[in-house]
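Inside the fold
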Amino acid sequence: MNDCLFCKIIAGDIPSLKVYEDDHVFAFMDIAPLTKGHTLLIPKTHCKDLFEMPEDVARNLYAAAPKVANAIKAAFNPVGMNTINNNGAAAGQTVFHYHLHLVPRYDETDGLVVEWNSRQQDFQADVLTNLSEQIKAQL
Ligand code: 5GP
Ligand code: ZN
């Protein structure tokens, strides 16, 4: 895509710190990392987000994810890793070429705070069942 930042990075028109590339994916250092080793994994085929991603693009992207994640693990010995993907501006997406954040974790002060406020009380069993039926009806 002509004016896509990440397509330009793949093409080499904008410099990046590449860590891995194959026929289908490109991985490079996030310019504003959350933690040491924060890396972005992107498909070479432009797609805006997960909703637009064809199955073969998803297959190839996730085929490479453990390889890059394990390289980060071997390099920095983190105690964990968050994989984050924001889809849509409301979800925090700022670059509209799908990207999977690989964010290695070190301790609770490492720069990433994940807040997980469960609303289990709002979703009783009958409500959850109804929601599952609505999703299944679309598949
Ligand atoms: P999002 O907010 O869309 O999930 O994440 C976009 C990410 O892209 C951010 O973490 C941001 O730091 C990173 N980013 C934005 N522009 C550039 C750039 O020009 N080069 C690199 N390497 N990363 C970028
Ligand atoms: Zn793109």
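The following paragraphs examine the structure supplied in this document.

Reading guide: rules and limits
- Residues numbered from 1 in each chain as written.
- Chains lettered and ligands numbered in written order.
- Predicted model: local features only at pLDDT ≥ 70, side-chain atom pairs only at ≥ 80, totals over all residues.
- Heavy atoms only, no water.
- Helix = DSSP H or I, 4+ residues; strand = E, 2+ residues; numbered from the N terminus.
- Buried < 20%, exposed > 50% of the residue type's maximum accessible area, 1.4 Å probe, protein only.
- Contact = heavy atoms within 4.5 Å.
- Areas by Shrake-Rupley, 256 points an atom, 1.4 Å probe, with all protein chains shown as cover.
- Lys, Arg positive; Asp, Glu negative; His and termini not counted.
- Charge placed at Lys NZ, Arg CZ, Asp CG, Glu CD.
- Donors = N, O, S within 2.8 Å, 3.2 Å for Na, K, Ca; no water.
- Tetrahedral: all angles 85-135°; square planar, octahedral: opposite > 155°, others 65-115°.
- Core = buried A, V, L, I, M, F, W, Y, C linked by side-chain atoms within 4.5 Å.
- Near = heavy atom within 4 Å.
- Polar contact = N/O pair within 3.5 Å; in protein donor to acceptor, adjacent residues only side chain to side chain.
- 1 Å grid on protein atoms, 1.4 Å probe; cavity = no way out; pocket = protein on both sides within 12 Å on 5 of 7 lines; lining within 4 Å.
- Sits in = over half its atoms within 2 Å of the grid points.

Turning to the overall build of the chain, a few remarks are in order. Tallying secondary structure elements over the chain gives 3 helices and 5 strands in all. What you see in the chain, going N to C, is helices and strands ordered as α-β-β-β-α-β-β-α. By its C-alpha atoms, the chain is 50 × 35 × 25 Å across when sized along the principal axes. Counting across all 139 residues of the chain, residues that qualify as buried make up 31%. Taking contacts inside the chain between residues at least 6 apart in sequence as the whole, the part at least 24 apart equals 51%. Accessible area of the chain: about 9200 Å², with a carbon and sulfur share of 55%. Across the chain, 11 positive and 17 negative side-chain charges occur, with their mean positions spaced 5 Å apart.

A few words now on the coordination of the zinc ion (ligand 2). Those donors, C4 (SG), C7 (SG), H46 (ND1) and H97 (ND1), are the protein atoms that reach the zinc ion (ligand 2), and they lie 2.0 to 2.3 Å from it. Around the zinc ion (ligand 2), the 4 donor atoms are arranged such that angles at the metal cover 104 to 117°; this shape is classified as tetrahedral. When the donors of the zinc ion (ligand 2) are listed by position in the chain, the intervening gaps give C-x2-C-x38-H-x50-H. Highlighted residues: C7 in helix α1 (residues 5–11) and H46 in the loop between β3 (39–43) and α2 (55–76), separated in sequence by 39 residues. Using a relative accessible area of 24% as the deciding quantity, one classes H46 as partly exposed.

On to the nonpolar core. Among the nonpolar cores identified, the biggest contains 14 residues, and L41, V68, Y98 and L100 are the most heavily contacted of them. Elements represented by at least two residues in this core include exactly β2 (25–29), α2 and β5 (100–105). No other element matches α2, which puts 6 residues into this core. Excluding residues within four positions of it along the chain, L100 makes contact with T39, L40, L41, Y62, A65, T83, I84 and N85. The next biggest cluster of nonpolar side chains, apart from the first, holds 10 residues, and it includes C7, I10, F26 and L40.

For the rest of this paragraph, the subject is the site of ligand 1. Neighbouring ligand 1 are 16 residues, the closest being M29, D30, T94, H99 and H101. I31 places a main-chain nitrogen or oxygen 3.3 Å from a nitrogen atom of ligand 1. Between ligand 1 and N86, the relevant distance is 2.9 Å, taken from an oxygen atom to a side-chain nitrogen or oxygen of the residue. Relative to its unbound accessible surface of 520 Å², ligand 1 loses 82% to contact with the protein. Here ligand 1 is seated within the largest pocket.

The subject of this paragraph is the environment of K73. Note on placement: K73 falls in helix α2. Residue K73 is classed as partly exposed on the basis of its relative accessible area, which comes to 48%. The spatial distance from the C-alpha of K73 to the C-alpha of V25 is 19 Å, given a sequence separation of 48 residues.

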